[in-house]
Amino acid sequence: MSSTIQAVHCPECISRVSNLRLGVGAVGLILGLIAIAGLLSGGHETFNTNSNLSWGLPVSTYVFFVLTSTGLTFVASLAMVFGMKDFYPIAKRCVWGAVVTLIIGFISLGLEIGNPLRMIWVIPTNFAISSPMWWMGLFYTIYMVLLIWKFILINKGDWDSDQSKLIGLASFVAVIFAHATLGSVFGMMAMRPFWYGPMVPVYFLITAFLSGLAFIMFFINLDYGVDQKNMSEGAARAMSKQLPTIFGVALGLVIVFTLAKTITGLWTNVPENKIVTQYIVSSALFQYELWIGMVLPFLMMLTKMRHDAKMQVVAGGLVVSALFIGRYEYVVGGQLIPMFKGAWFDDLTPYVPSMTEIGVVVLAVSIGILLYAYGDKKLNLSDAPNQ
Amino acid sequence: MAKWGMVIDLAKCTGCQACSTACQMENNRLPGENYQDVLYYTEFKQPTPSLKWFPRPCMQCENPSCMHVCPTKATFKTEDGVVLIDWNKCIGCKYCMIACPYGVRFYTDEKPLIEPNIKDVFKGTGELSWNPPYKGPQQDNAHGVGIQPHGVVSKCTFCYHKISKAPKGTPDLSNENAAVREYVPACVRTCAPTARYFGDLDNPNSEVSRLISNRRGTRLLEHTGNKPQVYYLGDHGVVPGFERPDDKS
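Residues numbered from 1 in each chain as written. Chains lettered and ligands numbered in written order. Predicted model: local features only at pLDDT ≥ 70, side-chain atom pairs only at ≥ 80, totals over all residues. Heavy atoms only, no water.

Q: Give me the packing of helix 8 (residues 200-223) of chain A against helix 9 (residues 233-267) of chain A: which residues, what numbers.
A: Residue and element names in this part refer to chain A. Running from amino to carboxyl end, helix 8 crosses helix 9 at an angle of 145°, the nearest separation of the two axes being 9 Å. Our pair here, helix 8 against helix 9, has a crossing hand that is left-handed. Counting all contacts with helix 8, which are made through Val202, Tyr203, Ile206, Thr207, Phe209, Leu210, Leu213, Ala214, Ile216, Met217, Ile220 and Asn221, the residues of helix 9 involved are Met239, Leu243, Pro244, Ile246, Phe247, Ala250, Leu251, Leu253, Val254 and Phe257. Across the contact of helix 8 with helix 9, the residue classes tally to 20 nonpolar, two polar and no charged. (Axes fitted to C-alpha atoms, helices over the stretch in contact; angles between N-to-C directions. Helix = DSSP H or I, 4+ residues; strand = E, 2+ residues; numbered from the N terminus. Left-handed = near helix turned anticlockwise from the far one by under 90°. Contact = heavy atoms within 4.5 Å. Nonpolar A, V, L, I, M, F, W, Y, C, P; charged D, E, K, R; others polar.)

Q: Please set out helix 11 (residues 284-302) of chain A residue by residue, giving values where relevant.
A: Residue and element names in this part refer to chain A. With 19 residues, helix 11 should reach 27 Å at 1.5 Å per residue; the first-to-last C-alpha distance of 26 Å fits that figure. If you look at helix 11, its biggest bend is around 30°, right at Val295, and the proline Pro297 turns up within four residues after that. Listed as buried for helix 11 are Phe286, Glu289, Leu290, Gly293, Met294, Val295, Pro297, Met300 and Met301. For helix 11, the secondary structure elements touched by its buried residues are helix 8, helix 9, helix 10 (271-281) and helix 12 (309-333). (Expected span 1.5 Å × (residues − 1). Bend = angle between axes of the 7 residues up to and from the residue. Buried < 20%, exposed > 50% of the residue type's maximum accessible area, 1.4 Å probe, protein only.)

Q: Give a detailed account of the nonpolar core, specifying residues and quantitative values.
A: Counting 117 residues, the largest nonpolar core has Trp55, Ile90, Tyr140, Leu182, Phe186 and Phe247 of chain A as its most contacted members. No other element matches the 15 residues that helix 3 (residues 57-80) of chain A contributes to this core. When near neighbours in sequence (up to four residues on either side) are disregarded, Leu182 of chain A contacts Tyr62, Val63, Val66, Leu67, Met136, Tyr140 and Phe204 of chain A. Listed in part, the 50 residues of the second largest apolar core include Met6, Val38, Phe54 and Phe198 of chain B. (Core = buried A, V, L, I, M, F, W, Y, C linked by side-chain atoms within 4.5 Å.)

Q: Could you give an account of the sheet that holds strand 1 (residues 4-9) of chain B, naming the residues involved and the relevant values?
A: Residue and element names in this part refer to chain B. Across the sheet, three strands lie side by side as 8-1-9; this open sheet has mixed pairing. Looking at which strands have only one partner, the edges of the open sheet turn out to be strand 8 (196-200) and strand 9 (230-233). Strand-to-strand twist in this sheet, taken as the mean axis angle between neighbours without regard to direction, amounts to 20°. Note: strand 1 against strand 9, four bridges, orientation parallel. Along strand 9, the bridge assignment pairs Ile8 with Tyr232. The strands that helix 7 (residues 207-214) touches are strand 1, strand 8 and strand 9; relative to strand 8, the one it contacts most, it runs at about 115°. (Pairing = 2+ DSSP bridges.)

As structure tokens, then:
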């Protein structure tokens, strides 16, 4: 299958948005560098994490973005693995978006780890196969290599050769394992009941898919100036018909999952789960996440609004914000109860991200925005195969 | 090969914290980051609250979750049953701290628990996180002994720099035996009411084995499956579950 440039009706719109992104990314990069300057001089002491709450905002950001990458790969795979041709017009954007979000996640994690460079040689040489984190590193590395390989192939116009199909399939399988091992990193921690459970990889799977869909609803509409008339016909069809329906179904499933997890948490007799769930539910962030970030967009998707680009941007943006909050609540929530500290810590572990931690996130996201804008300018992301 | 373990008699422990202080001095711990700590609990509520205390070193588990989750095998178990960290392999991911049910692992690069920041007073040189005027054991990064370098996790080593030099076949490392006194872990060495015992759990003739057997030694959080090698004697070896203060719950 050869590649053709799809008839984008408004190339200058894409250019305008890319320029805007370059500007936002550059400003964010400067702000992020200023904010993390403390990291270079003061090290991780500039973080508000501590020996009781070891994983904070940078880790939850990592989880959010690598799972978003997973979701974007799922959507790209609808066309490239499962042959749903209507999704080809957005597939290349999804693959590039998956690469970019994966890089954002890795930057965020890399700046959080004590000795990130040591990781390069110690992890591959020690085969710590009992560690879920080792497997997570292995599968995400394989996934990243395959994803970049796939992008190089489709960037050359090779959408459908045997090699290209095989790489697409392999990257889909790799990311299934990658997200499952990431789920196991948390789900296997029996000593932290808020995280523990065999359903965590499944929860991550569904929320990852939703995360990818929400990114598409938000960013691809922005790419085309929030007007589907500016898209190629194929892209406009996918964005106005199939995607909002799939997005609505995935969102409905995640709402059910969130409610089930919350209600179970409130009624459990495991104090570590109950106390944390009560604490989270009583926060304004959770109320925003549930009602404004999930229920409201779900209701929007039930009406004809789901076909409208502007409404899709609103719904996608709300869901992105809700999922980001959800990841933060999940990662931090599992550590709120101090492990065995007696009266030294007689309440939940307090944690608010420091400016440096926020700076890490701003820096990583800004680099991602710049990379995406670069892709839009140089890599012809609107490309699709000639069907 | 011995399997080193500890017995703590809660009926004899007075909560004086001499063990914590000795451990801090021996292992150059930062203020507030105690490998060995005595935790305090309040049992019952007003008007009859009862203050309890609970000495808590690293449990040196038989089946340590911290070791299993380590993605680099930096956390390992020695042949004589001690869980140690190879600081040369530790990447500072802190997964072990997440996985330890007893909360006995520490990351040095964080805000000081007690002001002023002693690390600013005695600034570290090279890879070391600080540079105290008195340095206890010889630096041994491969066994996680000495001053903690930047970006790694540390923990109680059962004073490995001492016990690893004990004569082979020694059933107990006790203050009462002058021949082995210098190999006794600092917390055991300094315990005034002799509430702590240290010896070979695999040797049926060791005092620790006899105490565990005769007085029904218990282990902490057995349900986690970690199988600690630290046993407790006495009738208040149960730690109450976590509760929020009444005004916040």
